[in-house]
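Residue-level structure breakdown
What follows is each chain in one-letter form.
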Amino acid sequence: MADLTPTPDRPGLHVSKPSPNTPATGSAVCHCGATATATGDNQVRALVEGYTANHGAAHNRTGR
């Protein structure tokens, strides 16, 4: 399987939760240069919500 971790050359959001008993992990890289990582279900949920609201496709909605 290909490495799905986002990079500055390939911005995006990646979340992993291999099993119900392990904490989720997430990483995000935006084309604007912002980066973030999170570990734990609640922290990853917040990362996804923040990235969705403020980065990635949100830049297209606001023209930034």
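Residues numbered from 1 in each chain as written. Predicted model: local features only at pLDDT ≥ 70, side-chain atom pairs only at ≥ 80, totals over all residues. Heavy atoms only, no water.

Turning our eyes to something else, we now look at the environment of L4. Tracing the backbone through its elements, the reader meets L4 in the segment before β1 (12–16). The residues touching L4, leaving out its near neighbours within four places in the chain, are R10 and H14. (Helix = DSSP H or I, 4+ residues; strand = E, 2+ residues; numbered from the N terminus. Contact = heavy atoms within 4.5 Å.)

What follows is about helix α1 (residues 41–54). A rise of 1.5 Å per residue sets the reference length of α1, with its 14 residues, at 20 Å; its end C-alpha atoms lie 20 Å apart and thus fit the reference within 8%. The complete set of buried residues in α1 reads V44, L47 and Y51. Angularly, the buried residues of α1 cover 55 degrees about the axis, an arc narrow enough to put them on a single face. Facing away from the buried side of α1 by more than 90 degrees, the exposed set consists of N42 and E49. Where α1 is buried, its residues touch β1, β2 (25–29) and β3 (35–39). (Expected span 1.5 Å × (residues − 1). Buried < 20%, exposed > 50% of the residue type's maximum accessible area, 1.4 Å probe, protein only. Arc of directions from axis to C-beta.)

Here the focus is the nonpolar core. Core analysis: the largest hydrophobic core is formed by seven residues, namely A24, A28, C30, A38, V44, L47 and Y51. Leave out the neighbours within four places in its chain, and C30 touches P11, Y51, H55, G56 and H59. (Core = buried A, V, L, I, M, F, W, Y, C linked by side-chain atoms within 4.5 Å.)

Structural measurements only, silent on function.
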